[in-house]
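One-letter residues, chain by chain:
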Amino acid sequence: MAVNVKESEEIDILQSNQVMLQTAHIPGNNYGCSPGTPRSTRVERLLRDRELRKINKVFSLPEVARDFNRDPEVFGNDQIPSDPENCGLFNEEEFSEGLVGCEKQNGQPSKQRLLVVANRLPVSAVRKGEDSWQLEISVGGLVSALLGVKEFDTRWIGWAGVNVSDEIGQRALTKALAEKRCIPVFLDEEIVHQYYNGYCNNILWPLFHYLGLPQEDRLATTRSFQSQFDAYKKANQMFADVVNQHYQEGDVVWCHDYHLMFLPKCLKDYNNEMKVGWFLHTPFPSSEIHRTLPSRSELLRSVLAADLVGFHTYDYARHFVSACTRILGLEGTPEGVEDQGKLTRVAAFPIGIDSDRFIRALELPQVQEHIKELKDRFAGRKLMLGVDRLDMIKGIPQKILAFEHFLEENPDWQDKVVLLQIAVPTRTDVPEYQRLTSQVHEIVGRINGRFGTLTAVPIHHLDRSLDFHALCALYAVTDVALVTSLRDGMNLVSYEFVACQASKKGVLILSEFAGAAQSLGAGAILVNPWNITEVAASIGYALNMPADEREKRHHHNFMHVTTHTSQEWAATFVSELNDTIVEAQLRTSKIPPVLPIKSAVDCYLQSSNRLLILGFNSTLTEPGDTLGRRGGQIRDMELKLHPELNEPLKKLCDDPNTTVIVLSGSDRSVLDDNFGDYGIWLAAENGMFLRLTTGEWMTTMPESSTMEWVDSVKHVFEYFTERTPRSYFEHREASLVWNYKYAVKTISDVEFGRLQARDMLQHLWTGPISNASVDVVQGSRSVEVRAVGVTKGAAIDRILGEIVHNKGMKAPIDYVLCIGHFLQKDEDIYTFFEPELPSEKPPLARAKIPAPARTYAPKISNCRSLSKAYLRKQKSLSILERRASNFGSVGGWRPVVHDRVSVYEGSSVLDLKGDNYFSCAVARKRSSARYLLGSSDDVVSLLKELAQC
């Protein structure tokens, strides 16, 4: 076969790109770069994938064109769908080939399977007999998009649009749909009524389009909401059950639209390793709108279970991240939303159309015939076109009123321009839509009666759809397309118009509230559809636009429409989803595993001298309302021991072979109130104060630590507390803590709190603490100023030494369980007990301190070798030993304590094997601990098991 030079060059490029992909450093699905730079690598891979798709498209176009010319009836008699913005047109043969053309080659699967899950299947079923069905192809942009993606073996899962209650009918329909690579979900009439007509169409759809919750019968809506939401969750679970039945390892599951917001969570609950993406085809409202939804939090968390969440525009993605931040209190990042180390990627993927089909259709004889008829029909007049679903969000009344205003202001145009409005009826049984129809008819009749003549009227209004050929012809002869959506996810009518305008180069007037405005805004005239005067002026500008400007605008939009196609959209999303999984695996490999409770209990039983170190807040307390709304702040601020821990904690404290330490950042009074009745060691303010509950408080406060900075820092904290609603600060004996966890307006506004925290830090570093020997510790929603070197890890050796001395401990400690929800700076306590990773010395104070002679030479037990690393630990201890009891002499401030901890070294009594050490972070996936526990409830369960031993 002869190959010309251009084809040869393209083949060389293709082979070169394939070699690049094959030789990319991805060892065992790992990146060939440092873990800190995965993003650039991901972008490079995605760009290479994009180039490969372009090259493959070049090679496949001739064959597609031959198929098209061979079958001039390829488009059949498809009609504009109920949602013409998302129309993609195809015939049954092409649809079947697009889905079934993914068979095994040489007995091996050649392509990755893609399970597309949507509310409706791309076919409609009509029952012809007890066991026979007729399938009709349903047009739609999603179907058109995925038909062009050839690198995946695609299967569809969804509702067929009919109620099939008998088993014979279900089996027959399942068999018929299997030939189209479709899998049905059978929903009964009640579920459809509550889930689809109720929650989806009556609650979510209006809310997402800024129409708000139903207002006419608020009481009925309130009463029925819960039943509708329950039906919504049940329907989503039914979809998940079908997906789980057909899922195979390695499949990609792509969930679509607001009907299935609960589905990602259902799928991940079944198999956390499943690759799940979710895409929304409507706008996502601002957080101020979404917060009015009663089920706001559940839906957001369910969507966040997906690996990749996609939207049409950046604005929608930004609104989603903002809602997660403000409503759930999670952290928004440039990549998406992060929750305890688990990142859900959030990105914009603007959908397109199959532009080639529209361009090729213009060459068909029947389309050319339609074009000639339309030119003759509207000869001598400019043609303006609107193609919309008859819906409240489409702005049809506003469009027609703007046209009326234009005719009023420009009487010379009254017989030179005509507006052709295609309004496809939808939901004709709903009263609101019936009233809208009547309103539009009334306005059209009034304008035609006012400006019409015996031979012509200014507005041609059609309450029906057009077939594809007629629609393409209408696009081709139009001078001005008018899209005035009040709120639209994307609106692909504008794309279809541009694709058919290669000859005419007409002007597009586009609403700034349509998603397409972000893609086509440079070439279109953007308008606010609510501003009738502005739209009327834009109509006049478009009709009088010079030819060179029309051509420049059209060229810009035409290049975008033909480049960003629906096929490219689908391929990019799935490619990003696959790549997101790889990145997630890298992050997950750094997350500690869940604590093996059985192993921890078994080692506890086999040991003879145990040490339990427990945090308090979020570890031994009841799980609270993390956002503190509706009065929860007062309850959450009063830290209380979990009531289920009273009995097990008492048993553990009474065990002579078990020593229990509660090591907390809270002040002494909080620990006294909660643990005064237990025989337990209490270490307050990160170990700076220590006592056995039967004894007096002692201090381990470093000698040179002064509190001269307290007053100035306190003034700053008071200032920011006043200007940040519901924030508060704690004046502890050795530190000050400002907490904006509850900083709210009506719901948690974490971003506002973060801005305040950043402002506070600037004030602190440039003023009160610029020369002070202090550490500033930033928590997730707090700022703490404490004496330099004060950490839990730095204090634990002194604490252990005092405990060993007090108890006269002879047997070495052979089991350590350390559990807490600690700040990152305090996680050095986890590494303290690691034989291989001893804690490093704490930071030195900025003031130079002379080192006095050591007053105590600890005996080093033969349980641990005197290694170089061990000597480093003793060196860090000697820093603390220098600090004597005259702490706090500056300014007359000093804590009231009865004694000071003597210099005893506790780590020398450790005989700790690696298998007998269990460090565990609670509700923190980013941690240096060995293991994780999900919440304080898990801590309760663990301590109950240990108490029963």
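Everything numeric here is computed off the predicted structure, so don't read it as measured data. (Residues numbered from 1 in each chain as written. Predicted model: local features only at pLDDT ≥ 70, side-chain atom pairs only at ≥ 80, totals over all residues. Heavy atoms only, no water.)

**What to know about the overall build of the protein**
Scanning the protein for helices and strands turns up 31 helices and 30 strands. By the burial criterion, 55% of the 949 residues in the protein qualify as buried. Total accessible area on the protein stands at roughly 41200 Å², and carbon and sulfur atoms take up 50% of it. (Helix = DSSP H or I, 4+ residues; strand = E, 2+ residues; numbered from the N terminus. Buried < 20%, exposed > 50% of the residue type's maximum accessible area, 1.4 Å probe, protein only. Areas by Shrake-Rupley, 256 points an atom, 1.4 Å probe, with all protein chains shown as cover.)

**A closer look at the packing of helix 24 (residues 646–654) against helix 31 (residues 936–947)**
Where helix 24 contacts helix 31, the axes come no closer than 9 Å and their chain directions differ by 45 degrees. Between helix 24 and helix 31, the crossing angle belongs to the class labelled oblique. In this structure, helix 24 meets helix 31 at a crossing whose hand is left-handed. Listed contacts from helix 31 to Pro-648, Lys-651 and Leu-652 of helix 24 are Leu-943, Lys-944, Leu-946 and Ala-947. For the contact of helix 24 with helix 31, the class distribution of residues is five nonpolar, no polar and two charged. (Axes fitted to C-alpha atoms, helices over the stretch in contact; angles between N-to-C directions. Parallel < 35°, antiparallel > 145°, perpendicular 65-115°, else oblique. Left-handed = near helix turned anticlockwise from the far one by under 90°. Contact = heavy atoms within 4.5 Å. Nonpolar A, V, L, I, M, F, W, Y, C, P; charged D, E, K, R; others polar.)

**Let's talk about the nonpolar core**
Counting residues in each nonpolar core, the largest one holds 78 residues, and the members touching the most others are Trp-254, Tyr-475, Leu-508, Leu-510 and Trp-569. Considering each element in turn, this core owes the most residues, nine residues, to helix 16 (residues 468–477). Leave out the neighbours within four places in its chain, and Leu-510 touches Val-483, Ser-494, Ala-516, Ala-517, Leu-520, Ala-524, Ile-525, Leu-526 and Val-527. One finds Ala-600, Leu-671, Trp-697 and Val-922 within the second-largest nonpolar core, a separate group that totals 74 residues. (Core = buried A, V, L, I, M, F, W, Y, C linked by side-chain atoms within 4.5 Å.)

**Focus: the pattern of salt bridges**
Counted according to the given criterion, the structure contains 38 salt bridges. Between Arg-171 and Glu-167 there is a salt bridge, with its nearest N and O atoms 3.6 Å apart. Highlighted residues: Arg-171 and Glu-167, both in helix 5 (residues 167–178), separated by four residues, approximately one helical turn. Here Arg-171 matches Glu-167 in class, with each residue exposed. Ionic pairing is found between Asp-826 and Lys-792, a salt bridge with its closest N-O pair at 3.3 Å. Taken together, the positions of Asp-826 in the loop between strand 27 (815–820) and helix 29 (828–832) and Lys-792 in helix 28 (residues 792–807) put the pair 34 residues apart, joining distant regions of the chain. You can call Lys-792 buried: its relative accessible area is 4%. Each of Glu-404, Glu-408, Arg-446 and Arg-450 takes part in a single network of salt bridges with overlapping partners. (Salt bridge = Lys/Arg side-chain N within 4 Å of Asp/Glu carboxyl O.)

**Section: the sheet that holds strand 10 (residues 336–339)**
With mixed pairing, the nine strands of this open sheet are ordered in space as 5-4-1-6-7-8-11-10-9. The open sheet has two edge strands, strand 5 (182–184) and strand 9 (331–332), and neither has a second partner. With three bridges joining them, strand 4 (residues 152–159) and strand 5 adopt parallel strand pairing. Its bridge partner lying in strand 5, Trp-156 is registered against Cys-182. (Pairing = 2+ DSSP bridges.)

**Focus: the sheet that holds strand 24 (residues 735–739)**
An order of 23-24-26-25 is seen for the four strands of this open sheet, with the pairing classed as antiparallel. Of all the strands in the sheet, just strand 23 (728–731) and strand 25 (774–778) have a single pairing partner and so form its edges. This sheet shows a mean twist of 15 degrees between the axes of neighbouring strands, independent of strand direction. By the bridge criterion, five bridges tie strand 25 to strand 26 (residues 782–787) in an arrangement that is antiparallel. Paired with Val-776 across the two strands is Val-785, which belongs to strand 26. Helix 26 (residues 710–723) contacts strand 23, strand 24 and strand 26 of the sheet and is inclined by roughly 10 degrees relative to strand 24.

**Focus on helix 31**
For an α-helix, 3.6 residues make a turn, and residues three or four places apart therefore share a direction. With 12 residues, helix 31 should reach 16 Å at 1.5 Å per residue; the first-to-last C-alpha distance of 16 Å fits that figure. All of the buried residues along helix 31 are Ser-936, Val-939, Val-940, Leu-942, Leu-943, Leu-946 and Ala-947. Around the axis of helix 31, the buried residues are gathered within 165 degrees of arc, so they sit on the same side. Looking at the buried positions of helix 31, the neighbouring elements they touch are helix 22 (597–606), strand 18 (610–614), helix 24, strand 27, strand 29 (917–922) and strand 30 (931–933). (Expected span 1.5 Å × (residues − 1). Arc of directions from axis to C-beta.)

**Quick notes on the packing of helix 14 (residues 396–409) against helix 19 (residues 532–543)**
Where helix 14 contacts helix 19, the axes come no closer than 8 Å and their chain directions differ by 65 degrees. Of the two elements, helix 14 crosses helix 19, and the hand of that crossing is right-handed. Two secondary-structure elements touch here, helix 14 through Gln-398, Leu-401, Ala-402, Phe-403, His-405 and Phe-406 and helix 19 through Ile-532, Thr-533, Val-535, Ala-536, Ile-539, Gly-540 and Leu-543. Broken down by class, the residue content of the contact of helix 14 with helix 19 amounts to nine nonpolar, four polar and no charged.

**Concerning unusual backbone geometry**
In this structure, Arg-181 is a non-glycine residue whose phi angle is positive, near 60 degrees. Mapped onto the elements of the fold, Arg-181 is located in the loop between helix 5 and strand 5. Relative accessible area serves as the criterion here: at 11%, Arg-181 is assigned to the buried category.

**Topic: helix 22**
Three or more residues of helix 22 are buried, namely Ala-600, Val-601, Cys-603 and Tyr-604. One face of helix 22 carries all of its buried residues, which in axial projection span an arc of 165 degrees. Along helix 22, exposed side chains directed more than 90 degrees from the buried face belong to Lys-598 and Gln-606. If you follow the buried residues of helix 22, they end up packed against strand 18, helix 24, strand 19 (658–663), strand 27, strand 29 and helix 31.

**Focus on the environment of Val-143**
Relative to the helices and strands, Val-143 resides in helix 4 (residues 141–147). Judged by relative accessible area, Val-143 falls into the buried class, the value being 6%. Taking the C-alpha atoms as reference points, Val-143 and Val-116, separated by 27 residues in sequence, lie 10.0 Å from one another.

**Side note on the pairing of strand 24**
Across the five residues that make up strand 24, a large majority, five, are buried. Burial along strand 24 is two-sided: the residues Ser-735, Val-737 and Asn-739 and Leu-736 and Trp-738 are all buried. Alignment of strand 23 against strand 24, held across four bridges, turns out to be antiparallel. Directly across from Phe-729, in strand 24, lies its bridge partner Trp-738.

**Description of the pairing of strand 18**
In terms of burial, strand 18 is a largely internal element, five of the five residues being buried. A two-sided burial pattern is seen for strand 18, the buried positions comprising Arg-610, Leu-612 and Leu-614 on one face and Leu-611 and Ile-613 on the other. As paired strands, strand 18 and strand 19 are joined by five bridges and run parallel to one another. From the neighbouring strand, Leu-612 faces strand 19, where its bridge partner is Val-660.

**Some thoughts on the packing of aromatic side chains**
Evaluation of the coordinates by the stated rule reveals 33 aromatic pairs. With centroids separated by 6.5 Å and ring planes inclined at 75 degrees, the aromatic side chains of Phe-208 and Tyr-258 adopt a geometry described as edge-to-face. A residue pair is termed long-range when its members are at least 10 positions apart, and Phe-208 in helix 6 (residues 189–208) and Tyr-258 in the loop between strand 6 (252–256) and helix 8 (263–270) qualify at 50 residues. The pair Phe-208 / Tyr-258 is uniform in exposure class, with both members buried. Between Phe-720 and Trp-738 the ring centres are 6.4 Å apart and the planes differ by 65 degrees, which places this aromatic pair in the edge-to-face class. Residue Phe-720 is located in helix 26, and its partner Trp-738 is located in strand 24; the two are separated by 18 residues in the primary sequence. Of the two residues, Phe-720 and Trp-738, neither departs from the other in class, the shared state being buried. Aromatic rings pair up to connect Tyr-195, Tyr-199, Phe-225, Phe-229, Tyr-232 and Phe-262 into one cluster. (Phe/Tyr/Trp six-rings, centres within 6.5 Å; stacked < 30°, edge-to-face > 60°.)

**Focus on the environment of Val-253**
Structurally, Val-253 is set in strand 6. Distance from Val-253 to Arg-113, taken between C-alpha atoms, is 8.7 Å for residues 140 residues apart in sequence. Val-253 has contacts with Leu-115, Val-117, Val-243, Tyr-247, Leu-267, Met-274, Lys-275, Val-276, Gly-277 and Leu-577, leaving out every residue within four places of it along the chain.

**Regarding the confidence of the model for the protein**
Averaged over every residue, the pLDDT of the protein is 80; the share at 70 or more is 76%. The low-confidence segment residues 59–95, where pLDDT is below 50, has 95 contacts with residues more than four positions distant or belonging to other chains. Within the model, the stretch residues 837–903 combines pLDDT values under 50 with 130 contacts to residues more than four positions away or in other chains. (pLDDT = per-residue confidence, 0-100.)

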